[in-house]
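Coordinates in review
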Amino acid sequence: MKIAIITDMHLGVRGDSKVFLDHQEKFFSEVFFPYIDEHDIKIVLDLGDTFDRRKYVNYVTLARAKSMFFDQLQSRDIEYHAIVGNHSVYYTNTNEVNSMNLLLQEYKNFSIYQDKPVELTFGSTKVIMVPWLTKNNMEESLNSIRNSNSDICMGHFAIQGFEMMKGAINDHGLTKEIFGHFEQVYSGHFHHPSEYGNIKYLGAPYEMTWSDYQGKRGFRVLDTETRELEWILNPYQIYHKIEYDDQDMTIEDIANLNTDSIKDAYIKVIVKNRTNPYIYDLFLNRLADSGATDVKAIED
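Residues numbered from 1 in each chain as written. Predicted model: local features only at pLDDT ≥ 70, side-chain atom pairs only at ≥ 80, totals over all residues. Heavy atoms only, no water.

For the structure shown, the criterion picks out 32 aromatic pairs. On the numbers, 4.8 Å between centres and 15° between planes, the contact of Tyr107 with Phe110 is stacked. Of the two residues, Tyr107 and Phe110, both sit in the buried class. Stacked on the ring of Tyr90, the Lys or Arg Lys55 has its end atom at 4.9 Å from the ring centre. Its end group placed over the ring of Trp231, Arg220 keeps NZ or CZ at 3.7 Å from the ring centre. (Phe/Tyr/Trp six-rings, centres within 6.5 Å; stacked < 30°, edge-to-face > 60°. Buried < 20%, exposed > 50% of the residue type's maximum accessible area, 1.4 Å probe, protein only. Lys NZ or Arg CZ within 6 Å of the ring centre and 35° of its normal.)

See below:
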């Protein structure tokens, strides 16, 4: 049996930006669901931070989230299991009030885990799914983790020693040792994918900030019989860097500039040599006129 695992979708990210909603929808419509359909996957696991907003929902974001993701799951009769992450919960000391339970009650075959860990079996693999740890559920959850005989632990953890983003190491939270008895551990929360020993941070499915630039993005597929974890990569970027050097640049070069990936993208122009102000202005205007959402120039 193969199951899809996704985490940190952050639907409504960047202030409910339409550009990012379009970026997210492109991933679901052109990467995620085509793969699901081709391989007849009927179970999807979500490891938290499904929605970006903790304290309220934007109606446009909710409508688009349902259309691009949740309605698609239901129409395919897919079994969906999700834990709440820190962006899912209103309070910081309890998971009781959360966006997942409040917004997704209409869907069948949806199971949301908010209070305590739950153990599930998929094929020959036993899994324990652990919701976001708070003051209210910490003791019970840690005891469940220590005493579990599951093959794989999945959660939304802050574990010491892992990269929160490129070059930024987390120094608080859980230690690796508590997970030592599991064959594998998969976690959401940190968007930068990384692994150490039996622990893997799966990473976000798409770029959401400049710190995600040129990082591997996508979702995972677990074979419950072999325990092999396959990475299905997302080829689409929203952040791009372009080097600018006008020493040998002509107006014709600017007119023929390939701008296929520019529309709705965020662009950083790395200025190597700027000797002709006219050519420079033409170049920046060409990028802006091609539909870039944001263009910033940085002197090298």
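Following the structure, the description resumes.
Let's shift gears to the sheet that holds strand S11 (residues 194-196). On the basis of which strands lie adjacent, the open sheet formed by 6 strands has the order S5-S6-S7-S10-S12-S11 and mixed pairing. Looking along the sheet, the strands with just one partner apiece sit at the ends: strand S5 (118-122) and S11. Neighbour to neighbour, the strand axes of the sheet diverge by 20° on average, direction disregarded. Note that strand S10 (residues 184-187) and strand S12 (residues 199-201) share 3 bridges and pair parallel. If you follow Ser187 over to S12, its bridge partner there is Tyr201. (Pairing = 2+ DSSP bridges. Helix = DSSP H or I, 4+ residues; strand = E, 2+ residues; numbered from the N terminus. Axes fitted to C-alpha atoms, helices over the stretch in contact; angles between N-to-C directions.)

Right, let's talk about a nonpolar patch on the surface for a bit. Residues Tyr90, Tyr91, Val97 and Leu102 make up a contiguous nonpolar surface patch of roughly 370 Å² in combined accessible area. If you trace the backbone, Tyr90 turns up in the loop between strand S3 (79-83) and helix H4 (99-103). Looking at Tyr90, the relative accessible area reads 34%, which means it is partly exposed. (Patch = residues over 30% accessible without salt bridge, like charges linked within 9 Å, V, L, I, M, F, W, Y side chains within 5 Å. Areas by Shrake-Rupley, 256 points an atom, 1.4 Å probe, with all protein chains shown as cover. Salt bridge = Lys/Arg side-chain N within 4 Å of Asp/Glu carboxyl O.)

Counted residue by residue, S3 has 4 buried out of 5 residues, so it is predominantly covered. Tracing the backbone out of strand S2 (residues 43-46), into helix H3 (residues 59-75) and back to the parallel element S3 gives a crossover that is right-handed. By the bridge criterion, 4 bridges tie S3 to strand S4 (residues 110-113) in an arrangement that is parallel. Bridge pairing links His81 to Ser111 in S4. (Right-handed = clockwise from strand over helix to strand, strands pointing away.)

A sheet is described by the order of its strands in space; here 3 strands give the open sequence S15-S16-S17, paired in parallel fashion. One side of each edge strand has no neighbouring strand; the edge strands of this open sheet are strand S15 (239-245) and strand S17 (294-299). Adjacent strand axes in the sheet meet at a mean angle of 25°, parallel and antiparallel pairs treated alike. Pairing between S15 and strand S16 (residues 266-273): 7 bridges, direction parallel. When the bridges of S16 are listed, Lys241 appears paired with Lys268.

Moving on, we get to the nonpolar core. Ranked by internal contacts, the top residues of the largest apolar core, which has 46 residues, are Phe28, Phe32, Phe69, Phe70, Tyr80 and Phe219. At the level of elements, strand S1 (2-6), helix H2 (18-38), H3, S3, H4, S4 and strand S13 (218-223) are the ones that each hand at least two residues to this core. In terms of nonpolar packing, the next biggest core, distinct from the first, is built from 18 residues, Val130, Ile145, Phe162 and Val185 among them. (Core = buried A, V, L, I, M, F, W, Y, C linked by side-chain atoms within 4.5 Å.)

With respect to the helices, strands and loops of the structure, Thr61 is situated in helix H3. For Thr61, the side chain forms a polar contact with the side chain of Asp16, separated by 2.6 Å. With residues near it in sequence (within four places) discarded, Thr61 still touches Leu11, Gly12, Asp16 and Leu21. (Polar contact = N/O pair within 3.5 Å; in protein donor to acceptor, adjacent residues only side chain to side chain. Contact = heavy atoms within 4.5 Å.)

Interaxial distance between H2 and H3 falls to 11 Å at its minimum, and their mutual angle equals 5°. Between H2 and H3, the angle falls in the class roughly parallel. Residues Lys18, Leu21, Asp22, Gln24, Glu25, Phe28, Phe32 and Phe33 of H2 touch H3, and the partners they reach there are Thr61, Arg64, Met68, Phe69, Gln72 and Leu73. Across the contact of H2 with H3, the residue classes tally to 7 nonpolar, 3 polar and 4 charged. (Parallel < 35°, antiparallel > 145°, perpendicular 65-115°, else oblique. Nonpolar A, V, L, I, M, F, W, Y, C, P; charged D, E, K, R; others polar.)

Below, the discussion takes up H2. One full turn of an α-helix is made of 3.6 residues, so residues set three or four places apart face in the same direction. With 21 residues, H2 should cover 30 Å at 1.5 Å per step; its first-to-last C-alpha distance of 29 Å lies within 8% of that length. Largest kink in H2: about 35°, centred on Phe28. Taken residue by residue, H2 has Val19, Phe20, Leu21, His23, Gln24, Phe27, Phe28, Val31, Phe32, Phe33, Tyr35 and Ile36 as its buried positions. The N-capping residue of H2, defined by a side-chain oxygen 3.2 Å from the backbone nitrogen of Val19, is Ser17. In the segment just after H2, Asp40 is the residue with positive phi, at about 50°. (Expected span 1.5 Å × (residues − 1). Bend = angle between axes of the 7 residues up to and from the residue.)

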